[in-house]
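# Secondary and tertiary structure notes
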Amino acid sequence: MKHLMLSKLEKFSKRLKELDFLLTQKEVHNNIKDYCKKVREHSFLYPIVELYNNYKKINEDIITAKEMLNDLEMRNFALDEINLAKKRIFDIELEIKKLILPKDKNDKRNIFIEIRAGTGGDESALFVNDLLRMYIRFSERNYWKFEIISRSLSEIGGYKEIIARIIGLNVYSKLKFESGVHRVQRVPKTETQGRIHTSACTVAVIPEADEIEDININPADLRIDTYRASGAGGQHINKTDSAVRITHIPTGIVVQCQNDRSQHKNKAFALKILLARIKDSKLREQQSNTAKMRRLLIGSGDRSERIRTYNFPQGRMTDHRINLTLYKLDYIMDGDLNEIINSLLVEYQSDLIENFFSN
Amino acid sequence: MSLNRMLALKNCVVLVLSLQKRALATKANVVDNVLKEWTAKFEQAKIPEPENSIQNIMAHIFNTTKIDDVTIVEKNTELTNDQITHLNKLCECRLARMPVQYIIKEWNFRDLTLKMTPPVFIPRSETEELIDIITDKLESSNHTPTRMIEIGSGTGAITISLLKHFPKLKAIAIDQSKHACDLTEQNAVMHNVANQLQVFHAEIDSKGQVKNLQPDLLEQKFDLVVSNPPYVPSLDIPKLEPEIALYEDIKALDGGHDGLNIIKPICVFGSNYLKPNGSIFLETNHDHLDKIKEWLGICGHHMKLKLVENYKDFNNKDRFVELKLVE
């Protein structure tokens, strides 16, 4: 276990003893607010210190077992003992981390992913295409369902914007660090003199919102547009274009959906994205506040932050948040994102732990 | 072999494969090119919804209901010769103004994919909302219907949606067209509600009586009478697009001089066969609301029938009415 963590756990166990004592004192009981605060602190610390005591005991066991290693008769027994203890220590560390780390209740949710062309015009729109393919392949590897919900084409075959929904197990927990500006450096197909261009796309990953739990929308705030607006409607018209556009008037958020053959379903989908976006804008506000407070490197929720560079001539991808460079761009563009995502997750968690212990 | 060399070798293979793919992508039979080609042809022939038409036909070729699957996911895929031949044949039908729904023989209604065959009336988007209106209304009043009848079931869209929503509901569906009866039956089987449904080839007459229906079927009264009856005024029929006028059953569209020729008999039928707390839900023409009110003003009392609510569609046009018996 890291030294920082151990010293903090030592502090915890001292504090717990202190609390045990304080909670029996009359003066504390007289101040209800203070009392409640201390009880909460106690119930937070108790299971952690319990595990920590266990940890210490097993460590002692290991030391005794190591002494026995010199004894030829006991050697095998001692080795078994040590191996078992090491495994248990590993488990306990994990348990402690779980208790300490704040939980993200969105982790299990499905997501909407939005990829938009940014600086760099056509080349940027083409890169939207590549990113889309990368995420589709990554979803396939995870057995997630990838549904494209809305797209707008650019002139030369790329996309100005793509919105998709990814459904599966723990989607948000894996993709939540993908939000931000993705920069690409390469020779565009449109470039005739072989010069390397730099352009960028924005990716936004938004957890799905529960209608009832999270947000209420007043139907009067919505404007709904379809392609069937003119004429007598009903039996007089037979159209196949089922696109629906919904505008949320107070926030100005516009969502368009055309992927399903049923207009009714397109409308339901558009509404779902709208809800997710409204909730997301609130969430981001919150996140940027906590990120500032905790000085987190990752997960700041800031979508204007440049997070990655994909450099094709050098065949590398660099994540700027953790300064990680991988020289296997082909594989990454083919959806092999596990290495980068795991590195981000580890960094994020240790970041959180460090912040937690240094406060 | 060292790991590095293996990786290098794999990179080479990946490169070769991607080069091959790129070489293929320049051929004419690639989805994206075919889409563009047919969009242009349709545009030139002044076919309505040129781009959407070919996208839906292409999706059908790829056995998917989502057009983005072909416009995005498969856009660089090359079509086989068989696929091209099949696609061209279907597109010829579109050039003859056949509705896309008949060409690909299916369409979606809310969550359901339904079979479509000419000349059975193709459900419109407006009718999707009728289901919400009926289910919301019944659920908010805590009324679980057990017995319904649909007059003019067509593809079966309305009845099947309601049967799916209320598993305890039993339905009778009638239609004047044998084709429609068969299609309702087929779609019901496909969506596992055939055991809740009886379909009869029968027609409602101007007095609100259903001919050719065994009388014992009407002994028990109904919680729900639902219909999307023909409501296009006869004078508007010649103005309809060829997709509708040439291919869809005119009897499912033509509602007589004011479009009320079938609506009125259905109301009369309801007044005779509705349970005391039952409702009639109808889809109507956008200008029918006042006419129905006026008509009920004259003979509603006689029929013990009143209009309890009217609803607008997504274009803010008067589209649905709900009638109940006067207590």
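Residues numbered from 1 in each chain as written. Chains lettered and ligands numbered in written order. Predicted model: local features only at pLDDT ≥ 70, side-chain atom pairs only at ≥ 80, totals over all residues. Heavy atoms only, no water.

## Side note on the sheet that holds strand β5 (residues 197-207) of chain A
Residue and element names in this part refer to chain A. This is how it is decided: Being paired, for any two strands, means DSSP has found at least two bridges between them. Under the DSSP-based scheme used, a helix requires at least four consecutive residues in state H or I and a strand at least two consecutive residues in state E, with every element numbered from the N terminus. Here the axes come from fitting lines to C-alpha atoms, over the contacting stretch only for helices, and the angles between their N-to-C directions go from 0 to 180 degrees.
The strand order across the open sheet built from 8 strands is β2-β3-β1-β5-β4-β9-β10-β11, with neighbouring strands paired in mixed fashion. Single-partner strands in this sheet number two, and they are β2 (145-153) and β11 (324-326). On average, adjacent strands in this sheet sit at an angle of 20° to one another, irrespective of strand direction. Pairing of strand β4 (residues 180-186) with β5 involves 7 bridges; the strand directions are antiparallel. The residue bridging His182 from the neighbouring strand is Cys201, located in β5.

## Structural notes on the UniProt feature "modified residue: N5-methylglutamine" (unreviewed entry) in chain A
Rule in force here: UniProt positions are given in the numbering used here, feature names are shortened, and annotations may be inferred rather than shown by experiment. Should any heavy atoms of two residues lie within 4.5 Å, those residues are considered in contact.
Within this structure's numbering, the places UniProt gives as "modified residue: N5-methylglutamine" (unreviewed entry) are Gln235 of chain A. Tracing the chain through its elements places Gln235 of chain A in the loop between β6 (222-226) and β7 (244-248). With residues near it in sequence (within four places) discarded, Gln235 of chain A still touches Phe121, Arg124, Asn228, Pro229, Pro230, Tyr231, Val232, Ile244, Ala252 and Leu253 of chain B.

## Things to note about the pattern of salt bridges
Let me state the cut-off plainly: Any carboxyl oxygen of Asp or Glu within 4 Å of a side-chain nitrogen of Lys or Arg constitutes a salt bridge here. Relative accessible area decides the class of each residue, using a 1.4 Å probe on protein chains only: under 20% of the type maximum gives buried, over 50% gives exposed, and in between gives partly exposed.
Inspection of the entire model under this criterion finds 43 salt bridges over all chains. The salt bridge partner of Lys87 of chain A is Asp91 of chain A, with a shortest N-O separation of 3.1 Å. With Lys87 of chain A and Asp91 of chain A both in helix α4 (residues 75-100), this residue pair falls 4 residues apart, about one helical turn. Take Lys87 of chain A: its relative accessible area is 53%, and that puts it in the exposed class. On the accessibility criterion, Asp91 of chain A (33% relative accessible area) is partly exposed. In this structure, the salt-bridge partner of Arg124 of chain B is Glu248 of chain B, at a minimum N-O distance of 2.8 Å. Residue Arg124 of chain B is found in the loop between β2 (112-115) and α7 (125-140), and its partner Glu248 of chain B is found in the loop between α10 (242-247) and α11 (263-273); the two are separated by 124 residues along the sequence. Assigned by exposure class, Arg124 of chain B and Glu248 of chain B land together as buried.

## Considering the pairing of β5 of chain A
Strand residues, when the strand is regular, have side chains that alternate between the two faces of the sheet. Residue and element names in this part refer to chain A. The buried fraction of β5 amounts to 8 of the 11 residues, a majority that puts the element mostly inside the structure. Inspection of the sheet shows strand β1 (residues 111-117) paired to β5 by 7 bridges, in the antiparallel sense. Its bridge partner lying in β5, Ile111 is registered against Pro207.

## Remarks on the UniProt feature "domain: Release factor glutamine methyltransferase N-terminal" (unreviewed entry) in chain B
As recorded in UniProt, the feature "domain: Release factor glutamine methyltransferase N-terminal" (unreviewed entry) lies at residues 34-104 of chain B. Across residues 34-104 of chain B, helical content stands at 69% and strand content at 0%; the span's end C-alpha atoms are separated by 17 Å.

## Describing the state of the cysteines
All names here are of chain B. Our working definition: In this description, the term disulfide denotes a pair of cysteine sulfurs within 2.5 Å.
Evaluated as defined, the whole model comprises 0 disulfides over all chains. We note that Cys91 lacks a disulfide partner, and the nearest cysteine sulfur, in Cys93, lies 8.9 Å from it. Taking the relative accessible area as the measure of exposure, Cys91 reaches 0% and is therefore buried.

## Things to note about the nonpolar core
It is characteristic of soluble globular proteins that their nonpolar side chains tend to be buried jointly. Basically, it comes down to this: Definition of nonpolar core: a set of buried residues of the types Ala, Val, Leu, Ile, Met, Phe, Trp, Tyr and Cys, connected through side-chain atoms within 4.5 Å. The start and end points of each domain follow an automatic or database-based domain assignment.
Counting 56 residues, the largest nonpolar core has Met58, Leu79, Leu87, Ile134, Leu162, Leu224 and Val226 of chain B as the members making the most contacts within it. Split by domain, the residues of this core number at least three in each of domain 1 (3-96) and domain 2 (110-325) of chain B. When neighbours within four sequence positions are excluded, Val226 of chain B is seen to be in contact with Leu130, Ile134, Met148, Ile149, Glu150, Ile151, Ile158, Leu162 and Phe281 of chain B. Counting residues in hydrophobic clusters, the runner-up holds 41 residues, among them Ile148, Val184, Leu326 and Leu352 of chain A.

## Side note on the interface of chain B and chain A
Cut-off, in case you're wondering: Buried area is a sum: the accessible area each of two parts loses on coming together, probed at 1.4 Å, counted once for each and added. Note on residue categories: nonpolar means Ala, Val, Leu, Ile, Met, Phe, Trp, Tyr, Cys or Pro, charged means Asp, Glu, Lys or Arg, and polar means any other residue, Gly included.
Taken together, the contacts link 52 residues of chain B with 35 residues of chain A. For the pair chain B and chain A, the two sides together bury roughly 3,700 Å², of which 44% comes from carbon and sulfur. Taken together, chain B and chain A are joined by 4 salt bridges. The salt bridge involving Lys267 of chain A is made with Glu129 of chain B; its shortest N-O contact spans 3.6 Å. If you list the elements that add at least two residues to the side of chain B that touches chain A, you get α1 (3-25), α3 (50-61), α4 (67-73), α6 (100-103), β1 (106-109) and α7 of chain B. Per-class residue counts for the side of chain B that touches chain A are 20 nonpolar, 15 polar and 17 charged.

## Looking at the domain arrangement of chain B
All names here are of chain B. We count it as follows: Between N or O atoms, a polar contact is any pair within 3.5 Å; within protein, one atom must be a potential hydrogen donor and the other a potential acceptor, and residues adjacent in sequence are included only when both atoms are from side chains.
Domains assigned within chain B are domain 1 (3-96) and domain 2 (110-325). The distance between the C-alpha centroids of domain 1 and domain 2 comes to 41 Å. Facing 4 residues of domain 1, the contacting portion of domain 2 comprises 4 residues. Buried surface at the junction of domain 1 and domain 2, summed over both partners, amounts to about 270 Å²; 37% is from carbon and sulfur atoms. Contact with domain 2 buries area across many residues of domain 1, yet Pro48, Arg94 and Ala96 alone supply 81% of it, more than any other trio. Across the contact surface, domain 1 and domain 2 share 1 salt bridge. Residue Glu243 pairs with Arg94 through a salt bridge whose shortest N-O separation is 3.0 Å. There are 2 residue pairs in polar contact (both at pLDDT 80 or more) connecting domain 1 and domain 2. Partitioning the side of domain 1 that touches domain 2 into residue classes produces 2 nonpolar, 1 polar and 1 charged.

## Observations concerning unusual backbone geometry
Residue and element names in this part refer to chain B. Looking along the chain, the bond that leaves Pro118 and enters Pro119 is cis, with omega of 5°. In this fold, Pro119 is placed in the loop between β2 and α7. Phi is positive for Arg110, which is not a glycine, with a value near 55°. Within the secondary structure, Arg110 sits in the loop between β1 and β2. Overall, Arg110 belongs to the buried group, its relative accessible area being 14%. At Asn142, a position not held by glycine, the phi torsion is positive, near 55°. If you trace the backbone, Asn142 turns up in the loop between α7 and β3 (147-151).

## With respect to the packing of aromatic side chains
Quick reminder of the rule: Classification of ring pairs uses Phe, Tyr and Trp, with its six-membered ring standing for Trp, and accepts pairs whose centres are within 6.5 Å; under 30 degrees between planes counts as stacked, over 60 as edge-to-face, and the remaining range as tilted. Whether a charge sits over a ring depends on NZ of Lys or CZ of Arg being within 6 Å of the ring centre and within 35 degrees of the ring normal.
Summed over all chains, the structure comprises 7 aromatic pairs over all chains. Ring plane angle 20° and centroid distance 6.2 Å describe the contact between Tyr52 of chain A and Tyr55 of chain A, whose orientation is recorded as stacked. One end of the pair, Tyr52 of chain A, and the other, Tyr55 of chain A, are both in helix α3 (residues 32-68), 3 residues apart, so they sit about a helical turn from each other. With respect to burial, Tyr52 of chain A and Tyr55 of chain A carry one shared label: buried. Ring plane angle 35° and centroid distance 6.4 Å describe the contact between Phe222 of chain B and Phe269 of chain B, whose orientation is recorded as tilted. Of this pair, Phe222 of chain B sits in strand β8 (residues 222-227) while Phe269 of chain B is found in helix α11, placing the two residues 47 residues apart along the sequence. Side by side, Phe222 of chain B and Phe269 of chain B carry an identical accessibility label, which is buried. By way of ring pairs, the aromatic residues Phe222, Phe269 and Tyr273 of chain B are connected into one cluster. Seen from the ring of Phe312 of chain A, Arg186 of chain A lies directly overhead, with NZ or CZ sitting 4.9 Å from the centre. Above the plane of the ring of Trp38 of chain B lies Lys41 of chain B, whose end atom (NZ or CZ) is 4.2 Å from the centre.

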